[in-house]
Amino acid sequence: MSEFKQPFSLGQKNDAYAQYFIGQSYISILTLEGVPSFNVTFEPGCRNNWHVHQGGGQILLCTAGTGWYQEEGKPALKLNPGDVVNIPVGVNHWHGAAKDSWFAHVALSVPVEGSTTEWNGPVTDEEYNKL
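The structure contained in this document is the topic of the report that follows.

What counts, and where the lines are drawn
- Residues numbered from 1 in each chain as written.
- Predicted model: local features only at pLDDT ≥ 70, side-chain atom pairs only at ≥ 80, totals over all residues.
- Heavy atoms only, no water.
- Helix = DSSP H or I, 4+ residues; strand = E, 2+ residues; numbered from the N terminus.
- Rg over C-alpha atoms; globule rule 2.2 N^0.38 Å.
- Buried < 20%, exposed > 50% of the residue type's maximum accessible area, 1.4 Å probe, protein only.
- Contact = heavy atoms within 4.5 Å.
- Pairing = 2+ DSSP bridges.
- Polar contact = N/O pair within 3.5 Å; in protein donor to acceptor, adjacent residues only side chain to side chain.
- Phe/Tyr/Trp six-rings, centres within 6.5 Å; stacked < 30°, edge-to-face > 60°.
- Lys NZ or Arg CZ within 6 Å of the ring centre and 35° of its normal.
- Salt bridge = Lys/Arg side-chain N within 4 Å of Asp/Glu carboxyl O.
- Disulfide = S-S within 2.5 Å.
- Core = buried A, V, L, I, M, F, W, Y, C linked by side-chain atoms within 4.5 Å.

**Considering the overall build of the chain**
Helix and strand counts for the chain come out as 1 helix and 13 strands. Along its sequence from the N terminus, the chain presents helices and strands in the succession β-β-β-β-β-β-β-β-β-β-β-β-β-α. For the chain, whose C-alpha radius of gyration is 14 Å, the value lies close to the compact-globule estimate of 14 Å for 131 residues. For the chain, the spread of C-alpha atoms along the principal axes amounts to about 40 × 35 × 25 Å. Out of the 131 residues belonging to the chain, those deemed buried represent 43%. Looking at the chain alone, contacts between residues at least 24 apart form 70% of all its contacts between residues at least 6 apart.

Below, the structure written as C-alpha cells:
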C-alpha cells in the first residue's frame, strides 16, 4: 500500500458502508458543499455491490490504479487514471478495483434533493473472476 500514489488522502476505512462492499475500501470527504465529492480507494479485489442511484446520478473521476465499472447487462469497462464515468439515474451498476491493483476515484454525487442509493446484491466471485 505504501507504494500506491494518489492525488487525494486515503481517508478512513469505509466502515459506514462496509456491508455494501467485498473487501476493504476507504473514503475521504473532499467537500460536502455544492457538489458532494468523495475520494474512494479500493484495495485489490475490492468492489461495491450492484446499486442504483435514484434522483441524481453520479460521476466517477478515476485518479489512480486500475479498476472496473459495469452496468447490468453490459460488458465491464476497465478503468485507468484520467477516465471519467457518467452514471445515469436508475442504472444498476457496480465499480471497484482490479484483482491485482489498488484503485481510487473521486465520486461526485449529482445534487438533487431527495436522491437516494438503492443497494442490491454483491458482485459474486464468479462474476468478478471472469474479468
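**Some thoughts on the sheet that holds strand β7 (residues 58-65)**
Read from one edge of the open sheet, 6 strands run β1-β3-β4-β12-β7-β10, paired in antiparallel fashion. Two strands close off the open sheet at either side, each with one partner strand: β1 (12-13) and β10 (84-87). As defined by bridge partners, β1 adjoins strand β3 (residues 25-31) across 2 bridges and the pair is classed as antiparallel. Residue pairing in the sheet places Lys13 in a bridge with Tyr26 of β3.

**Overview of the side chain of His95**
If you trace the backbone, His95 turns up in strand β11 (residues 93-97). What makes His95 buried here is its relative accessible area of 4%. Only 3.1 Å separates the side chain of His95 from the side chain of His105, close enough to count as a polar contact.

**Details of the packing of aromatic side chains**
Within this structure, the stated rule accounts for 9 aromatic pairs. Ring pairing ties together the aromatic residues Tyr17, Tyr20, Phe21, Phe42, Phe103 and Trp119, which thus form one cluster. The positively charged end of Arg47 is found above the aromatic ring belonging to Tyr128, 4.2 Å away from the centroid.

**Some points on the pattern of salt bridges**
Counted under the stated rule, the structure contains 2 salt bridges. Taking the shortest distance from any N to any O, the salt bridge between Glu71 and Lys74 comes out at 3.1 Å.

**Here's the deal with the environment of Lys13**
Relative to the helices and strands, Lys13 resides in strand β1. Spatially, the C-alpha atom of Lys13 lies 7.3 Å from that of Gln24, the residues being 11 residues apart in sequence. For Lys13, the residues in contact, after removing those within four places along its chain, are Gln24, Ser25 and Tyr26.

**Remarks on the state of the cysteines**
Here a disulfide denotes a covalent bond joining the sulfur atom of one cysteine to the sulfur atom of another. As enumerated under the stated definition, the model contains 0 disulfides in all. Not engaged in a disulfide, the cysteine Cys46 finds its nearest cysteine sulfur in Cys62; these two sulfurs lie 15 Å apart. Judged by its relative accessible area of 0%, Cys46 is buried. Taking the relative accessible area as the measure of exposure, Cys62 reaches 5% and is therefore buried.

**A few points about the nonpolar core**
Grouped together as the largest cluster of nonpolar side chains are 14 residues, with contacts concentrated most on Phe42, Leu79, Val85 and Phe103. Counting only elements with at least two residues in this core, the list comes to β4 (37-42), β7, β10 and β12 (103-109). With 3 residues, the single largest contributor to this core is β4. Among residues more than four places away in sequence, those in contact with Leu79 are Cys62, Gly65, Thr66, Gly67, Trp68, Tyr69, Val85 and Phe103. Core analysis: the second largest hydrophobic core is formed by 7 residues, Trp68, Trp94, Val123 and Tyr128 among them.

**Quick look at the environment of Gly73**
Along the chain, Gly73 turns up in the loop between β8 (67-71) and β9 (77-79). When the C-alpha atoms of Gly73 and Glu33 are compared, they prove to be 34 Å apart, with 40 residues separating the residues in sequence.

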